[in-house]
Amino acid sequence: MRLNHNTLAYAANSNLNAINNNLTRSMERLSSGYKINKSSDDPAAYAISQKMQAQIDGLKRATNNANDGISMIQTGEGALNEVHSILARIRELTVQAANETYDEEDKDAMQAEIKQMQAEIDRIAETTDFNGRKLLNGELNKKGYVDTNDLSIVEIGGDIDPGEYGITVTGTGTQAQNSINVLPDNYVVPKANEGTLLINNFEIEIKEGMTGAEVNSKIRDAAYKIGIDYDMQSGALTTQEYGSKQSITVKSANDNVAALFGATGETTYGSNAEAEFTQQGGARVGFKDTATIETQGNRITVTDKNGFKMVYDVEPGSAAAADVTANITVLSAGPMVFQVGSDEGQVMNVNIGKTTVESLGIDKINIYTNAYAQDALGKIDDAIVKVSDIRSALGAIQNRLDYTVTNLETADENLTSAVSRIKDTDMAEEITEYTERNVLSQSALQMLTRSNARPEGLLQLFQR
């Protein structure tokens, strides 16, 4: 037996420290609920769990992003529902006006309501926004610019890649022009010259006793209603719009009225702009061989498969003397990008077409004659189809986002379960180990006490 080194106490103390360390670890796990509270607990598992936790946090944020996207689309789609209702009302008024049982004053009222409906469509397009982002004014569509002032971009949509595209304008559209005789201001209409003057079948009543100034003003006001400007100095009649669909016919069933105004009944027409694809090295610049060009007035429309569409407006007179070549740079800055995943590149692009009356093609319609009303019906039907296509695309995106949310929630659930298996404490197992270590701790403490008391027995040898 030795006095200087109590090896039994050392052994008991060492065991007690080890047991207490394990007991402390068990208490930490039980109190926190995690079996990995710091990297030293399990370096490899800690690194894996931290990476997975970051992914889980990203999935939760992506789920919220997708739900925000759904809310945005619902906002835009709700506004387009009102646009559809307005278009239906405009169409109803146009069908009503096409029936020639209404006089000019009735059609004035119908046209006034149509103008208010057009203004409301523009207001909806300019003011509908989600968290400050305009939805229907074209901001959420692909954007581009041209390198000349002679051409402007109206619409870029569909499956279009960013890049350079070339158009050569070889001629601008023209207005329809005609003319009539201008009556002297002091002229007084006699009984023989009383009758109806027809400009594009719009009736202008010429009554006995009217002065030349009154007649000229009446012709000017009537022509303006149907989109024709009348010069009371020269007698020139000019359509406000351009293109081959624009025409002017002046006639009268009364030969005296026809002779008075020089109304021959001849129809004059405008013309469309002329354009072609710019060639470089024998190939089109930007456009594929399957793309086609159509012109109407000064508007140029290029279409291709997969919904490819570019629409431009030519400035009147810009290409009258020489060809104008325009390079169009299409940017990818237009679409709104939804981050719908937790990793790089997991995004969804959303384009919403412009829905102003100009982009819908219904900015210049009138319903004063059956022919004008028929033309307006065609434009309105096209606008309804365009809005329907935009709403259909938004509905498809919303459905896709619904599936995206479900997928993100499933991934979140599975990853959370995996992280739980790595990090979370198995409470039943840990309590069992805690109980075992607690008993061992008490036992080791008793042994340490006894081993420390053992040298006292040696002192008793000196007392005898």
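This structure is a prediction, so every number in the text was calculated from the model and none was measured.

Draft legend 1. Seen up close, the overall build of the chain. If you tally the helices and strands in the chain, you get eight helices and 21 strands. Every one of the 464 residues in the chain was classed for burial, and the buried ones make up 40%. Considering only intrachain contacts with a sequence separation of at least 6, the fraction spanning at least 24 residues in the chain is 71%. When the accessible surface of the chain is totalled, it reaches about 24700 Å², and 47% of it is carbon and sulfur.

Draft legend 2. Region of interest: unusual backbone geometry. The backbone of Asn 131 shows a phi angle near 55°, a positive value even though the residue is not glycine. With respect to the secondary-structure elements, Asn 131 resides in the loop between strand E1 (129–130) and strand E2 (133–134). Overall, the relative accessible area of 75% leaves Asn 131 in the exposed class. One non-glycine residue, Asn 201, lies in the positive phi region at around 70°. Asn 201 gets classed as partly exposed once you look at its relative accessible area, which sits at 47%.

Draft legend 3. Focus on the sheet that holds strand E18 (residues 309–314). What the four strands build is an open sheet, ordered E4-E18-E17-E16; its pairing is antiparallel. The open sheet has two free edges, formed respectively by strand E4 (151–157) and strand E16 (292–296), since each of these has just one partner strand. Along the sheet, successive strands turn relative to each other by an average axial angle of 20°, direction set aside. Strand direction decides the pairing type here: strand E17 (residues 299–303) and E18, joined by five bridges, are antiparallel. Within E18, the residue paired with Thr 301 across the bridge is Val 311.

So, how was this worked out
- Residues numbered from 1 in each chain as written.
- Predicted model: local features only at pLDDT ≥ 70, side-chain atom pairs only at ≥ 80, totals over all residues.
- Heavy atoms only, no water.
- Helix = DSSP H or I, 4+ residues; strand = E, 2+ residues; numbered from the N terminus.
- Buried < 20%, exposed > 50% of the residue type's maximum accessible area, 1.4 Å probe, protein only.
- Contact = heavy atoms within 4.5 Å.
- Areas by Shrake-Rupley, 256 points an atom, 1.4 Å probe, with all protein chains shown as cover.
- Pairing = 2+ DSSP bridges.
- Axes fitted to C-alpha atoms, helices over the stretch in contact; angles between N-to-C directions.

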